[in-house]
There are 2 protein chains.
Amino acid sequence: MGHKGILAVVSGFSGAGKGTLMKALLEHYPDQYALSISATTRSPRAGEEHGREYFFLTRDQFEELIQKEALIEYACYVGNYYGTPRDYVLEQMEKGKDVILEIEIQGALKVKERFPDTLLLFVTPPSGAELERRLRSRGTETQEVIAGRLGRAAEEAAYMDRYEYLLVNDDLEVCMEEMHRLIQAQHHRISGCQELVESIKKELEGYR
Amino acid sequence: MGHKGILAVVSGFSGAGKGTLMKALLEHYPDQYALSISATTRSPRAGEEHGREYFFLTRDQFEELIQKEALIEYACYVGNYYGTPRDYVLEQMEKGKDVILEIEIQGALKVKERFPDTLLLFVTPPSGAELERRLRSRGTETQEVIAGRLGRAAEEAAYMDRYEYLLVNDDLEVCMEEMHRLIQAQHHRISGCQELVESIKKELEGYR
């Protein structure tokens, strides 16, 4: 079967629980997965660490990465750059690790265009009402921020159909296992098994 | 998630162990799967039963099914018709069962054309040499029959890339579980979750 790692992009509404899901997946299967860390020019928030949440770069550093084509995808949000460093992703896949990118929809579609074998996953709460409930229950955000997130979710929902698979995050454990099985199933994709396919074709050629 | 059943087509070389695999899958998960039974105009072999291995029909009966468009696909091999009755497949899927068709490559491609959501699986032994070993070890076939099967496998190998997923049948239990997980993962395909996607879109529309 395919020995090279799978590239999986995970997107979803803010409040869908993507972060917790990724954390659980990497804790349960530390040898199987690698989480790609994005680069950004925005300032670190309290508690964020360079090389853990993000690689925090200056605008010059980021633009150098763009020029060297060292990013798989990048985009500008609210005046700051965000992007996915290429080398780490390719190295981990070469080692056989399945690499997960937790990125926005536009970035996800760009990655898919460049690497057609990318698995596109969208994570959603069971309903819009549940999304609102979760955003409100955090109790840390203003009404305005919550309204902004819901408005953005409404815009993002228009792109759900561009994804290949949908995961409903109702129960964290269940959803994490579903994500794991879904990604592992992709190791059987014919496109990832070309070596074996070619070797069998060649062997059988003698029997024609 | 998708409540309707998945349609999965399983093809593979004669000697790959498809039959044993299907039997094991249905024994382990009798509530999840339904195996479609083909119709044919060829005569039953010793031990074959109408409605178990095949529906054995006369040429007139078969041609009536063709005319009534009651077959998902059909083909003619060595002067006999083989085809997949439509109603049984659709009824089982409607009930939420995942339906498996064990059919030839040409039939598989026709089904995929007609039902693009069909999952195409190809089952192979680990190598061509192992295929030959398995065919010979049965000890029931003549040299000529074995050579014919290997020659046919060589022709079929050319179409392996038209399938979506490859399963290597080395250990029966392992391969059966891989097939199960692969088919179950397809319940998360976005195309099978349109009801949920539309309902979330509609709910969130109010937040724009």
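Residues numbered from 1 in each chain as written. Chains lettered and ligands numbered in written order. Predicted model: local features only at pLDDT ≥ 70, side-chain atom pairs only at ≥ 80, totals over all residues. Heavy atoms only, no water.

A. Spatial organisation of the relation of the copies chain B and chain A. Expressed as a screw transformation, the operator carrying chain B onto chain A has a rotation angle of 180° and an axial translation of 0.0 Å, and the superposed copies differ by an RMSD of 0.0 Å. On this basis, the relationship between the two copies can be described by a two-fold rotation axis. (Least-squares fit on C-alpha atoms with pLDDT ≥ 70 in both.)

B. Here's a closer look at the interface of chain B and chain A. Counting residues at the interface gives 43 residues for chain B, matched by 43 residues for chain A. Both sides together, the interface formed by chain B and chain A hides about 3700 Å², and carbon and sulfur atoms give 66% of it. Together, His188(B), Ile190(B) and Tyr207(B) form the three largest contributors to the area buried by chain B at its contact with chain A, with a combined 18%. The interface formed by chain B and chain A contains two salt bridges. Between Lys201(B) and Asp161(A) there is a salt bridge; the shortest N-O distance is 2.5 Å. Our count for the contact surface shared by chain B and chain A stands at 19 residue pairs in polar contact (both at pLDDT 80 or more). With seven residues, helix 8 (residues 194-205) of chain B is the single largest residue contributor to the side of chain B that touches chain A. (Contact = heavy atoms within 4.5 Å. Buried area = accessible area lost by both parts, 1.4 Å probe. Salt bridge = Lys/Arg side-chain N within 4 Å of Asp/Glu carboxyl O. Polar contact = N/O pair within 3.5 Å; in protein donor to acceptor, adjacent residues only side chain to side chain. Helix = DSSP H or I, 4+ residues; strand = E, 2+ residues; numbered from the N terminus.)

C. Geometry of the pairing of strand 6 (residues 80-85) of chain A. All names here are of chain A. Across the six residues of strand 6, five count as buried, placing the element largely inside the fold. In this sheet, strand 6 lies alongside strand 3 (residues 38-40) in antiparallel orientation, the contact comprising two bridges. The residue bridging Thr-40 from the neighbouring strand is Tyr-82, located in strand 6. One ladder, built from six bridges, connects strand 5 (residues 71-77) with strand 6; its direction is antiparallel. (Buried < 20%, exposed > 50% of the residue type's maximum accessible area, 1.4 Å probe, protein only. Pairing = 2+ DSSP bridges.)

D. Structural context of the pairing of strand 9 (residues 165-168) of chain B. All names here are of chain B. Residue alternation in strand 9 divides its side chains into two sets, Tyr-165 and Leu-167 and Leu-166 and Val-168, and both sets are buried. Where strand 8 (residues 119-124) meets strand 9, four bridges bridge the pair, whose relative direction is parallel. For Phe-122, the partnering residue across the bridge sits in strand 9 and is Leu-166.

E. Main features of helix 4 (residues 105-114) of chain A. Within helix 4 of chain A, the full set of buried residues consists of Ile105(A), Gly107(A), Ala108(A), Leu109(A) and Val111(A). As for helix 4 of chain A, its buried residues are in contact with strand 1 (7-12), strand 5, strand 7 (98-102), strand 8 (119-124) and helix 6 (143-157) of chain A.

F. The arrangement of the sheet that holds strand 2 (residues 33-35) of chain A in detail. All names here are of chain A. In spatial order, the strands read 2-7-1-8-9; together these five strands make up an open sheet with parallel pairing. Across the chains shown, the open sheet's two edge strands, defined by having one partner strand only, are strand 2 and strand 9 (165-168). Each strand of the sheet is rotated relative to its neighbour by a mean of 30°, with strand direction disregarded. Seen against the sheet, helix 4 touches strand 1, strand 7 and strand 8 and runs at an angle of roughly 160° to strand 1. (Axes fitted to C-alpha atoms, helices over the stretch in contact; angles between N-to-C directions.)

G. Region of the structure containing the pattern of salt bridges. Here the structure, examined in full by the defined rule, presents 36 salt bridges over all chains. A salt bridge links Arg208(B) to Glu205(B); the nearest nitrogen and oxygen atoms lie 3.1 Å apart. For Arg208(B), a relative accessible area of 55% gives the class exposed. Take Glu205(B): its relative accessible area is 43%, and that puts it in the partly exposed class. Residues joined in a network through salt bridges with shared partners are Glu49(A), Arg52(A) and Glu53(A).

H. Here's a closer look at the packing of helix 5 (residues 128-137) of chain B against helix 6 (residues 143-157) of chain B. Residues and elements named next belong to chain B. At a minimum axis distance of 10 Å, the contact between helix 5 and helix 6 shows a crossing angle of 150°. Considered as vectors, helix 5 and helix 6 are oriented roughly antiparallel to each other. Seen along the crossing, helix 5 lies across helix 6 with a hand that is right-handed. Contacts from Leu-131, Glu-132, Leu-135 and Arg-136 of helix 5 reach helix 6 at Gln-143, Ile-146, Arg-149, Leu-150 and Ala-153. Looking at the contact of helix 5 with helix 6 residue by residue, the class counts come to five nonpolar, one polar and three charged. (Parallel < 35°, antiparallel > 145°, perpendicular 65-115°, else oblique. Left-handed = near helix turned anticlockwise from the far one by under 90°. Nonpolar A, V, L, I, M, F, W, Y, C, P; charged D, E, K, R; others polar.)

I. How the structure looks around unusual backbone geometry. With phi around 55°, Glu69(A) is a residue other than glycine that occupies positive phi space. With respect to the helices and strands, the residue Glu69(A) is situated in the loop between helix 2 (59-67) and strand 5. For Val78(B), which is not glycine, the phi dihedral falls at a positive 45°. Considering the arrangement of structural elements, one finds Val78(B) in the loop between strand 5 (71-77) and strand 6 (80-85).

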